[in-house]
Amino acid sequence: MPVFAVCALVGILGGLWLPVFSAASHWPLAILLVGSLAWWVSGARLLVGVVAFAFASLQGHWYQEHSLPEALVGEDIVVEGVIAELPRVSKYSTSFLFRLLPQPSHASFPQFAILRIYAPGPTPKAGERWQFKVRLKRPLSTVNSGGLDVESWLMTAHIHARGSVRHCPINRRVAIGAGFTRVLRFRSRLRDAMGRVLGATPALPLITGISIGARDGISPPTWQILRDSGTSHLVAISGLHIGLIALASWWPGRLLGWLLYCLGWVKQPLAVARICVLIAACCYGLLAGSSIPTVRAAVMLAVALLLAAMQRQRRPRSVLGAALVIVITLHPLSVLSGGFWLSFAAVALLYTFLGQPWASRIRQDGWREKIKSGCRSTVQGALQSQLLLSLGLAVPTLLIFGKVSLVAPLANLVAVPLFTVWILPATLAGAALTAMSGSPGAPLLNMAAVGLVWLTAFLEKLVALPAAAWQPGNLALTSIAVLSAGIIVLLLPRPFPGRLAALALIACVACRDHRPFRPALRVRVLDVG
């Protein structure tokens, strides 16, 4: 499975980079011919790559088909659609993702657009159907070194246009959407309920972010603290969240399976527990916004449950490979997102270097020895995992964000246990109680908010230290290659020689001044207010 996953990933990247099938009018025949030749030459592996190549190319072509027509750029038009995401309300405007209904007069018309309202008035809510007079433009943007590539982000999210809502009397709510909008409306009600419970608590945006994926309220300074401390991954809903949901639903599922078994309705009680876990994980994934890390974690859980039900050996590489294939099949454009690479790379590093089961590292002596060995193994595993992730993800983080946190191991050694045993369980339990009846969830949410305030204060002091983050600017390819080689040598098993040389290579790259010797352009900006 890992080999097929790698072939599929290479095919997806090639299809997005070289969209040769997009211009072909008879692409099914071309895929059949090329796929047959690949099967004859190299078997199923090359065939998987060819099919993935064609699939990604077609996805890019279909994205271009929904682009905004040139005749409508900058024109005022009336559109109708559904608010497809929780609106982001700021001091001066309100922005939201708008799913536009097709226009019969235009063969090519955007399917999704980001709209912004500047004029005061009623705020649209998620799941509602509205009619607006808008002025649209194509999703063109700029990218800076170490900054967000907005065009790639828009393409990953299948957003085909951006625009503003014009102040006009015809702007009105038409109806309340149906189908998938029920989940959006529930997320909106839950966010409002948590806002009423917590009030003006500074941790409210983080609470909604780590519970239902509504991160729009997190302020830029808070994001900066999370990035500089290397803890922004805790805000992303991924394996830790899905794992807690699976653990919370496992024992009720076991009880339900036992009751059904006693009644004679089922023959395998564990199958009922696995189904309950899978349903709970999928429902929470939908509630949390179905981001790439969330889908990856849910798919890996589903594959592990399926292999357990089939009594097959659950090899981590096979589970991760299956999750990779499913994610890029469901969302091929996700490979353009930095979160895709960091999420899968982190799990691959942990599986590769720390894949030994926890129980096998504990000595089987007396109970006191087991407790001591278990504590020692837990502390050792935490230290190893943080150092491993900090080293292994350094180069991808530099390429994506332009800088890497040097205090990330220390920050995560404090933040990850705090999240695991205090903040996240209290947040999820409080959100569940708030969704059911409101006020009973207040103590748990306030307890999580206190933990987040303490953690944020600790991280703020940590990133204020000198040299808390390394931001070299544009690294040359030779520097990236040398840095990668040094990190790979450090990550190899202990008997491998050359660790001192690897440290020397990393130190040479880190201490070198990476600014260009002769700047191509020098600009002086006079700030006039």
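Residues numbered from 1 in each chain as written. Predicted model: local features only at pLDDT ≥ 70, side-chain atom pairs only at ≥ 80, totals over all residues. Heavy atoms only, no water.

Participant: With reference to specific residues and values, describe the packing of aromatic side chains.
Facilitator: This model, assessed by the stated rule, comprises seven aromatic pairs. Aromatic pair F96 and F98: ring centres 6.1 Å apart, planes at 75°, arrangement edge-to-face. Taking the centre distance of 5.4 Å and the plane angle of 65° together, the rings of F98 and F132 count as edge-to-face. Of this pair, F98 sits in strand β3 (residues 94-100) while F132 sits in strand β5 (residues 128-137), placing them 34 residues apart in sequence. The exposure classification of F98 matches that of F132, with both residues buried. (Phe/Tyr/Trp six-rings, centres within 6.5 Å; stacked < 30°, edge-to-face > 60°. Helix = DSSP H or I, 4+ residues; strand = E, 2+ residues; numbered from the N terminus. Buried < 20%, exposed > 50% of the residue type's maximum accessible area, 1.4 Å probe, protein only.)

Participant: Explain the environment of V395 residue by residue, including any values.
Facilitator: Mapped onto the fold, V395 is located in helix α14 (residues 394-401). Take V395: its relative accessible area is 15%, and that puts it in the buried class. Here the alpha-carbon distance between V395 and A481, two residues 86 residues apart in the chain, equals 9.5 Å. Ignoring sequence-local partners within four residues, the contact set of V395 consists of I480, L483, S484 and I487. (Contact = heavy atoms within 4.5 Å.)

Participant: Explain the nonpolar core to me, and be specific about the residues and the numbers.
Facilitator: Grouped together as the largest cluster of nonpolar side chains are 50 residues, with contacts concentrated most on I207, F419 and L452. Among the elements of the structure, α5 (181-198), α6 (204-212), α7 (220-229), α8 (239-262), α9 (269-287), α10 (292-309), α15 (408-436) and α16 (442-463) are those that each provide at least two residues to this core. Examining the composition of this core, we find that nine residues originate from one element, α15, more than from any other. Setting aside its immediate chain neighbours within four residues, L452 contacts A203, L206, I207, I210, F419 and I423. Counting residues in each nonpolar core, the second largest holds 22 residues, with I12, M300, V319 and L324 among its members. (Core = buried A, V, L, I, M, F, W, Y, C linked by side-chain atoms within 4.5 Å.)

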